[in-house]
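Tertiary structure, described
Listed below are the residues making up each chain.
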Amino acid sequence: MLRLLSSHKSYRLSSKMENTTAKHVTINNPADISVIVGYFLVVIAVGIWSTFRTNRGTVGGYFLAGRTMVWWPVGTSLFASNIGSGHFVGLAGTAAASGIAVGGFEWNALFIVLLLGWVFVPVYLTAGVITMPQYLKKRFGGTRISLYLSVISLFLYIFTKISVDMFSGAVFIQQALGWNIYVAVIALLFITALYTVTGGLAALMYTDTVQTFVIIAGAFVLMGFSFHEVGGYSALLDKYSVSLPSQRSNISEQCYTPREDAFHLLRDPTTGDLPWPGVLFGIAIIGSWYWCTDQVIVQRCLAARSLTHVKAGCILCGYLKLLPMFLMVFPGMISRVLYPDEVGCVESSVCTKVCGTAVGCSNIAYPKLVVSVMPTGLRGLMLAVMLAALMSSLASIFNSSSTLFTMDIWTRIRPQARDKELMVVGRVWILCIVAVSICWIPVVQAAQSGQLFDYIQSVTSYLAPPIASVFFLAIFVKRVNETGAFWGLMGGLVIGLCRMVPEFAYGSGSCLNPSSCPKIICGVHYLYFAVLLFFCTAILVLFVSYNSPPIEDKHLHRLVFTLRHSKEERVDLDWEEEERGRQARREADEKKKDETEEDQGERGDRSIMMKIVGWFCGISDTQAPEPTEEEVTEASKQLPDISEDPLWKNLVNANALIMMSVAVYFWGYYA
């Protein structure tokens, strides 16, 4: 009887909310608009301040913020780069559909970020690299591994990050403003690209710091209103299990009834939608790729002024990663309780009418809360929060993908390219990937039964584990060589595509219309598949490496974990290619010397507009001279410093232990 009364009360509350929002709430009042405008003014002001404060005219200044960042912008930038609008829409949507288990993706990161700061970043710093493909190039030599990693990383950026963030931002804007999705996306992309193109990484990290506070403050406010509306945490526990849509015809009960294990992080290994072995081990593998080898994340750590600041930033990020469970997962479940007919719709015709997608409308869970629960004035704050999340994650990906393309692909095409050309190419590339990402949005919309977060993780599970495997072996196993790493990556790619291509070809299906993909291919859960793929790649890498010549230690100093403190001189395997690039740039400088003298008079008469464009992009007419052979030799003798002050080292180590204890407590409480 109590359950029936609870269900009836929930339905009445849903009907009440539906009536109040029947005319489609739009944010068009002075209070909301003032908040949004104020937010944009603050972000633009911070961006302009950081633009004047930093050197944007060099590769190091634009892509690594001159390696001057302290721990708190590093930590907040890591968090803001990770928490995009895809998290608000995707986490809340998957939670609305199946409960809190999706929060395991967030809490798993508390352990992985420590692996980043204590194991991976020290090796990257001593290697002296800007990008992850550069590291593999120094570690293994040759060009095919670094080229493959650059291409696959750009592919993953476009299809799992940029298009997802744009789609999820569009879902929110469509609910809040009633705008056309593509008009809204293009407007936001223009603003994001504007300060990415002009400011470089320093501008991103300072604006990320501002936006982290906006994101957390706004999400806390909505969480408070949501729990008040549903009647508190105990009421959520009671009502979620009976939040059923009223229109369900003759549809099977399992398609619209919330899971019995909705409030469990660890679920049955065979019948669970997120089985516990996959949550513990599969997510750890995906997380290791994302947090320890992905350009977007690692680039922020490489910008820190010392290793201690890197570690402290990772700890700050870890503490912040505790929040999404409370700020996004629980509100997503509350949204289903309040609006079961919309968020929990099951009939294709109803879902299409509600959100334009036949496979389900769980993705509107968070936006629906914002436009229905928040009072006037605070709706504008929450739109600013979503814009902050969307823009910070997009800007981070733009900058990092620009770094990858410029430093690892363009320099291969034009080894004589100087800083000025690299700056221009990096900015033009941003426009190219935006265009491709917009075209991919319709595919994202229909994938994985409309659950955005499952789409992201499934695609990542098919492509990322081989990369994570090769990086782990590269750092920890000296015996691994270029031949083994390359064929391991190729083998892993083939295995991953054998799963991904059929799944997209047959469609991921839904409860009402299951996919016809053969069980032998698509029957294995994607998290289990990630574990299998990781170990298959590792076995292949080790087998091929141990049956081919090893790399001598003189090439491995400060490139593997056991040799990170080595003081021996390293002979880079890619030194010949770097020397060819330097020679090509010297020849280009000499060739242009005469032209420069002839055109000097004309340059003085250059239009004011061209000078403004040059300042806008941080490009100077005067090019820094190519270093001489003596300068290169002298620079190579200056070893990267990863030493730490004992006091601060012990302090960050103690904080890391405290953070792990907190993480274990929360895992145990909700397991």
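Computed from a predicted model, the values in this text were never measured in an experiment.

Rules of the game
- Residues numbered from 1 in each chain as written.
- Predicted model: local features only at pLDDT ≥ 70, side-chain atom pairs only at ≥ 80, totals over all residues.
- Heavy atoms only, no water.
- Helix = DSSP H or I, 4+ residues; strand = E, 2+ residues; numbered from the N terminus.
- Buried < 20%, exposed > 50% of the residue type's maximum accessible area, 1.4 Å probe, protein only.
- Disulfide = S-S within 2.5 Å.
- Phe/Tyr/Trp six-rings, centres within 6.5 Å; stacked < 30°, edge-to-face > 60°.
- Lys NZ or Arg CZ within 6 Å of the ring centre and 35° of its normal.
- Patch = residues over 30% accessible without salt bridge, like charges linked within 9 Å, V, L, I, M, F, W, Y side chains within 5 Å.
- Areas by Shrake-Rupley, 256 points an atom, 1.4 Å probe, with all protein chains shown as cover.
- Salt bridge = Lys/Arg side-chain N within 4 Å of Asp/Glu carboxyl O.
- Polar contact = N/O pair within 3.5 Å; in protein donor to acceptor, adjacent residues only side chain to side chain.
- Contact = heavy atoms within 4.5 Å.
- Core = buried A, V, L, I, M, F, W, Y, C linked by side-chain atoms within 4.5 Å.
- Axes fitted to C-alpha atoms, helices over the stretch in contact; angles between N-to-C directions.
- Parallel < 35°, antiparallel > 145°, perpendicular 65-115°, else oblique.
- Nonpolar A, V, L, I, M, F, W, Y, C, P; charged D, E, K, R; others polar.
- Expected span 1.5 Å × (residues − 1).
- pLDDT = per-residue confidence, 0-100.

Below, the discussion takes up the overall build of the protein. Looking only at helices and strands, one finds 29 helices and 0 strands in the protein. By residue count, 59% of the 671 residues in the protein fall in the buried class.

On to the state of the cysteines, then. Summed over all chains, the structure comprises 2 disulfides. Disulfide pairing places cysteine 345 opposite cysteine 351 at an S-S distance of 2.1 Å. Residues cysteine 345 and cysteine 351 are joined through a disulfide that is right-handed, its torsion about the S-S bond being 125°. The residues cysteine 345 and cysteine 351 share a single accessibility class, namely buried. Between the sulfur atoms of cysteine 517 and its disulfide partner cysteine 522 the distance amounts to 1.9 Å. Where cysteine 517 bonds to cysteine 522 through sulfur, the torsion about that S-S bond is close to 65°, and the disulfide is right-handed. Judged by relative accessible area, which is 8%, cysteine 517 ranks as buried. Here cysteine 301 stays free of any disulfide, with the sulfur of cysteine 314 as its closest cysteine sulfur at 4.3 Å. Here cysteine 301 falls in the buried class, since its relative accessible area comes to 0%.

Phi at arginine 558 takes a positive value of approximately 65°, unusual for a residue other than glycine. Here arginine 558 lies in the loop between helix 24 (526-546) and helix 25 (575-598). Assessed through its relative accessible area of 5%, arginine 558 is described here as buried.

Our focus in this paragraph is the packing of aromatic side chains. Counted under the stated rule, the structure contains 27 aromatic pairs. For the pair tyrosine 290 and tryptophan 291, a centre-to-centre distance of 5.2 Å together with 90° between the ring planes defines the contact as edge-to-face. We note that tyrosine 290, like tryptophan 291, is buried. Cluster of aromatic residues (ring-pair linked, three or more members): Trp107, Phe227, Tyr233, Phe326, Phe330, Tyr665, Phe666, Tyr669 and Tyr670. In this structure, arginine 144 is placed above the aromatic ring of phenylalanine 486, and the distance from its NZ or CZ to the ring centre is 3.9 Å.

Taken together, the side chains of Ile33, Val37 and Leu41 present a nonpolar region at the surface, about 260 Å² in accessible area. With respect to the helices, strands and loops of the structure, valine 37 is situated in helix 2 (residues 30-53). According to the relative accessible area criterion, valine 37 is partly exposed, its value standing at 44%.

Our focus in this paragraph is the pattern of salt bridges. The tally for this structure, following the rule as stated, stands at 12 salt bridges. Between glutamate 106 and lysine 321 there is a salt bridge, with the nearest N and O atoms lying 2.4 Å from each other. In this pair, glutamate 106 sits in helix 6 (residues 104-107) while lysine 321 sits in the loop between helix 14 (307-320) and helix 15 (324-338), placing the two residues 215 residues apart along the sequence. The exposure class assigned to lysine 321 is buried, which follows from its relative accessible area of 1%. Residue arginine 499 pairs with glutamate 503 through a salt bridge whose shortest N-O separation is 3.3 Å.

Among the secondary structure elements, histidine 525 is positioned in the loop between helix 23 (519-522) and helix 24. What makes histidine 525 buried here is its relative accessible area of 18%. Side-chain polar atoms of histidine 525 contact the backbone oxygen of aspartate 273, separated by 2.5 Å. Discounting residues that sit within four places of it in the chain, histidine 525 has contacts with Asp273, Leu274 and Pro275.

Tyr124, Tyr135 and Met333 are the most contacted members of the largest nonpolar core, which has 181 residues in total. At 18 residues, helix 9 (residues 144-177) tops the list of elements feeding residues into this core. If sequence neighbours within four positions are ignored, tyrosine 135 has contacts with Val123, Tyr124, Ala127, Val129, Phe471, Ala474, Ile475 and Leu559.

Packing of helix 15 against helix 17 (residues 365-373) leaves a shortest axis separation of 8 Å and a crossing angle of 70°. Viewed along their axes, helix 15 and helix 17 adopt a mutual orientation that is roughly perpendicular. For the pair helix 15 and helix 17, contact is made by Leu327, Met328, Pro331, Gly332, Ser335 and Leu338 and by Ala365, Tyr366, Lys368, Leu369 and Val373, respectively. Its residues assigned to classes, the contact of helix 15 with helix 17 comprises 8 nonpolar, 2 polar and 1 charged.

Turning to the environment of isoleucine 297, a few remarks are in order. Looking at the element boundaries, isoleucine 297 is found in helix 13 (residues 295-302). Residues isoleucine 297 and leucine 116, 181 residues apart in the sequence, show an inter-C-alpha distance of 9.5 Å. Not counting the four nearest positions on each side in its chain, isoleucine 297 is found in contact with Leu78, Leu116, Tyr290 and Trp291.

Burial within helix 13 is extensive, with 8 of its 8 residues counted as buried. When we look at burial in helix 13, the residues that qualify are Gln295, Val296, Ile297, Val298, Gln299, Arg300, Cys301 and Leu302.

Between the first and last C-alpha of helix 4 (residues 71-82) there are 17 Å, a value that for 12 residues agrees with the 16 Å anticipated at 1.5 Å per step. Taken across its 12 residues, helix 4 has 10 buried, putting it largely inside the fold. When helix 4 is considered as a whole, its buried residues turn out to be Pro73, Val74, Gly75, Thr76, Ser77, Leu78, Phe79, Ala80, Ser81 and Asn82.

Now for the environment of leucine 651. Tracing the backbone shows leucine 651 in helix 29 (residues 646-670). By relative accessible area, leucine 651 is classed as partly exposed at 42%. Between the C-alpha atoms of leucine 651 and alanine 312, which are 339 residues apart in sequence, the distance is 9.2 Å.

Attention now goes to the side chain of aspartate 572. Note on placement: aspartate 572 falls in the loop between helix 24 and helix 25. A polar contact of 3.1 Å, which involves the side chain of aspartate 572, links it to the side chain of lysine 138. Of note is the side chain of aspartate 572, whose polar atom sits 2.5 Å from the side chain of arginine 570.

Interhelical geometry of helix 7 (residues 109-127) versus helix 8 (residues 132-140) gives an angle of 70° and a closest axis separation of 10 Å. Considering the angle they form, helix 7 stands roughly perpendicular to helix 8. Across the interface between the two elements, Val123, Tyr124 and Ala127 of helix 7 pack against Met132, Tyr135 and Lys138 of helix 8. For the contact of helix 7 with helix 8, the per-class residue count stands at 5 nonpolar, no polar and 1 charged.

Here we come to the confidence of the model for the protein. Residues at a pLDDT of 70 or more form 74% of the protein, whose mean pLDDT is 78. Within the model, the stretch residues 55-65 combines pLDDT values under 50 with 48 contacts to residues more than four positions away or in other chains. Confidence drops under a pLDDT of 50 for residues 601-605, and excluding neighbours within four residues, the segment shows 3 contacts in the predicted structure.

Inspection of the secondary structure puts tyrosine 135 in helix 8. For tyrosine 135 and tyrosine 124, which are 11 residues apart along the polypeptide, the C-alpha to C-alpha distance reads 7.0 Å.

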